[in-house]
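# Breakdown of the fold
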Amino acid sequence: MRTLPTLRAGLAAVSLALATSLSPAHANPFEPGWVLEAEASALRFTSVKNGSVTETSSFATYTGGIEPNGLAKVNILLDSVDTKVDLRNVRMRFLFFETFKFPEATVTLTLTEDMVADLPEKRRKIMVLPFDLTMRGITNSHEAEVAVTLLGENMVSVSSATPVTLKTADYDLEVGRGKLEEAAGVSIVPQTTVNFDFVFMRLPSEGDTAPVASAPQIEEPQPTSSFVVATPQPTQVALETSGDFSLEECVGRFEILSRTGNIYFNTASARLRDESRAVLDSIADIISRCPDLKVEVSGHTDSDGSDANNQILSERRAASVVDFLAQAGVPSERMIPVGYGEAQPIAPNDSAANKQRNRRIEFALAQ
C-alpha cells in the first residue's frame, strides 16, 4: 500500500508535467521543427478481395517531420510494403506499385498555429485536415479526419479518426490491380482504406540543457535526426530474405518478373528502350541472389508479321536482355536466351492491348 508521502510525490509529478505541457516554451508551436518517430508510428491499408475477404497490410519504412513554418511531410518507401507473405510483397512491389520506377509516396500538408492553439488546454482534439498525396508522379488533394493528441510538450500523436479512402484509378494503379488479380487469381476492389498513427517529437532548441517533463507514464524517445531525413534506397527496405534466396523464393520471383510488362523495345526491333533499365536492374539483383540456378530468358511476340520473322525477333530480343543483364553483373553462362516467336500467346491477338501483352520477356528456371 502506498504511503501518503509517496502519493503526494506522485501528484506533484503529474502537476509538474501538466503545467509544463500547458505552458509551452515556444511561442510558435512548430519551432524549431518536429521529426517523425517511425518506430512509434504505424501506417496500414486494407484491401478487399473476392467481394468480402479483407486483408490489412502496412509499410515498414517512412520518414518525415514538421518544419517551423508548419509544412508537414511524410515520405513512404513503397518497397517496404508488408503483407506478411513474401511473394505477395514482391507482387505488390513489381506488379502494383512498380517501385522500380516509383519508389515512394509523399504526403504533404500545411498546419497553422490556429489549428493547434487550444491543444495544450484540450490535450486531444478531432479536426479535418486537407492534405496532398503524391504517388506515381500524380498528386491529388484529400481530407482526413484526424485525432491530434498532446502526449507531452515535446511529443504529439496524429492519428486517423476515420479511415481515408483512396481509389486506384486516381493514381494510375488500375493496370497494376489487373496484374495482381491475374497473378493471384482473385478479384480486388478498386479502392483501399488507410489508417495511420504518426508520432512526432520536437527537435531540441538551442540552449536546451535538460529534457522537459513529460506526461505521466509516457517515456519520450529522443529524436534521432532533423526533419530533413535521407530517404533509404528501395533495396534497403524491402522486407525479404537478406543474401541468397531459396529455390521457392527464386521460382516465385521469376514468375512475378515475367508479368511486369516493363521491358520495352521499339516496333520490329530488338533494341532495348531506356525505360526498361529500371526493372532490368532489379531483375539483375534478383538473379544474382539465385546463384545456383540457370535462368531461361524467353522472348515472345504478337502475331503481326510472318512466323519466321517473329521467331527471329523473339530470339534477338531475348539475347538483348541477356546482354544487358550480363553487363549488369550476371554471369552469361547462367542465362539461356530462347525465342518462342508467336507460338505461346497469353491472350488472343485481337486487340492492341492483348498484342502488347503477348509481346513480352519471361524468366524461368532453365530446363
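Let me sum up the structure you'll find in this document. (Residues numbered from 1 in each chain as written. Predicted model: local features only at pLDDT ≥ 70, side-chain atom pairs only at ≥ 80, totals over all residues. Heavy atoms only, no water.)

Another aspect to go through is the overall build of the protein chain. Broken down by element type, the protein chain carries nine helices and 15 strands. Contacts in the protein chain between residues far apart in sequence, at least 24 positions, make up 71% of those at least 6 positions apart. Here the protein chain displays about 18700 Å² of accessible surface, and carbon together with sulfur accounts for 52% of that area. (Helix = DSSP H or I, 4+ residues; strand = E, 2+ residues; numbered from the N terminus. Contact = heavy atoms within 4.5 Å. Areas by Shrake-Rupley, 256 points an atom, 1.4 Å probe, with all protein chains shown as cover.)

On to the sheet that holds strand β15 (residues 360–365). Ordered by their spatial adjacency, three strands build an open sheet running β14-β13-β15, and the pairing between neighbours is mixed. Looking along the sheet, the strands with just one partner apiece sit at the ends: β14 (335–339) and β15. Going across the sheet, the axis of each strand differs from the next one's by a mean of 25 degrees, ignoring polarity. The pairing of strand β13 (residues 295–300) with β14 spans five bridges and is parallel. Note on β14: the bridge partner recorded for Val295 is Met335. Relative to the sheet, helix α6 (residues 247–257) contacts β13 and β15, its axis offset from that of β15 by approximately 165 degrees. Strands in contact with helix α8 (residues 307–327) are β13, β14 and β15; relative to β14, the strand with the most contacts, it is inclined by about 160 degrees. (Pairing = 2+ DSSP bridges. Axes fitted to C-alpha atoms, helices over the stretch in contact; angles between N-to-C directions.)

Counted at 1.5 Å a residue, the expected span for helix α7 (residues 277–288) with its 12 residues is 16 Å, and the 16 Å between its end C-alpha atoms agrees. Buried residues of α7: Val279, Leu280, Ile283, Ala284, Ile286 and Ile287, and no others. Looking straight down α7, one finds that the buried residues subtend no more than 165 degrees of arc, so they occupy a single side. As for α7, its buried residues are in contact with α2 (86–97), α6, β13, α8 and β15. (Expected span 1.5 Å × (residues − 1). Buried < 20%, exposed > 50% of the residue type's maximum accessible area, 1.4 Å probe, protein only. Arc of directions from axis to C-beta.)

Under the counting rule described, the total for this entry stands at six aromatic pairs. Between Phe96 and Phe97 the ring centres are 4.9 Å apart and the planes differ by 65 degrees, which places this aromatic pair in the edge-to-face class. Looking at Phe96, the relative accessible area reads 11%, which means it is buried. For Phe97, a relative accessible area of 5% puts it in the buried group. Members of the aromatic cluster, joined through ring pairs, are Phe45, Phe59, Phe96 and Phe97. Lying over the aromatic face of Phe245, Arg253 brings its terminal NZ or CZ to 4.1 Å of the ring centre. (Phe/Tyr/Trp six-rings, centres within 6.5 Å; stacked < 30°, edge-to-face > 60°. Lys NZ or Arg CZ within 6 Å of the ring centre and 35° of its normal.)

For α2, built from 12 residues, the straight-helix expectation of 16 Å at 1.5 Å per residue is met to within 8% by its first-to-last C-alpha distance of 16 Å. Among the residues of α2, Asn89, Val90, Met92, Arg93, Phe94, Leu95, Phe96 and Phe97 are the ones counted as buried. Where α2 ends, the next residue or the one after it, Glu98, has phi of about 50 degrees, a positive value.

Residues Phe254, Ile263, Val321, Leu325 and Phe363 are the most contacted members of the largest nonpolar core, which totals 75 residues. Counting residues in hydrophobic clusters, the runner-up holds six residues, among them Val35, Leu151, Met155 and Val199. (Core = buried A, V, L, I, M, F, W, Y, C linked by side-chain atoms within 4.5 Å.)

Packed helices, taken two at a time, are described by the angle between their axes plus the distance between the axes. Packing of α7 against α8 leaves a shortest axis separation of 10 Å and a crossing angle of 65 degrees. Classed by the angle they form, the pair α7 and α8 counts as roughly perpendicular. Between α7 and α8 lies a crossing whose hand is right-handed. Residues Arg277, Leu280, Asp281, Ile283, Ala284 and Ile287 of α7 pack against Val321, Phe324 and Leu325 of α8. (Parallel < 35°, antiparallel > 145°, perpendicular 65-115°, else oblique. Left-handed = near helix turned anticlockwise from the far one by under 90°.)

Structurally, Ala38 is set in the loop between β1 (34–36) and β2 (42–49). Put simply, Ala38 and Ala60 are 22 residues apart on the chain and 8.4 Å apart in space, counted from C-alpha to C-alpha.

Two elements, β2 and strand β3 (residues 53–59), share six bridges in a ladder whose sense is antiparallel. In the strand pairing of β3, Arg44 is matched with Ser58. The antiparallel pairing of β2 with β3 creates a hairpin that spans three residues between the two strands, and Asn50 there sits at a positive phi of about 50 degrees. One ladder, built from two bridges, connects β3 with strand β6 (residues 81–82); its direction is antiparallel. Pairing of Phe59 across the sheet is with Val81, part of β6.

Glancing now at unusual backbone geometry. In this structure, Pro32 follows Glu31 across a cis peptide bond, with omega equal to -10 degrees. Secondary-structure assignment places Pro32 in the loop between α1 (4–22) and β1. Within the chain, Asn50 stands out as a residue other than glycine whose phi angle is a positive 50 degrees. Of note, Asn50 is situated in the loop between β2 and β3. What makes Asn50 partly exposed here is its relative accessible area of 46%. Unlike most non-glycine residues, Arg123 shows phi in positive territory, near 70 degrees. With respect to the element layout, Arg123 can be found in the loop between α4 (119–122) and β8 (124–135).

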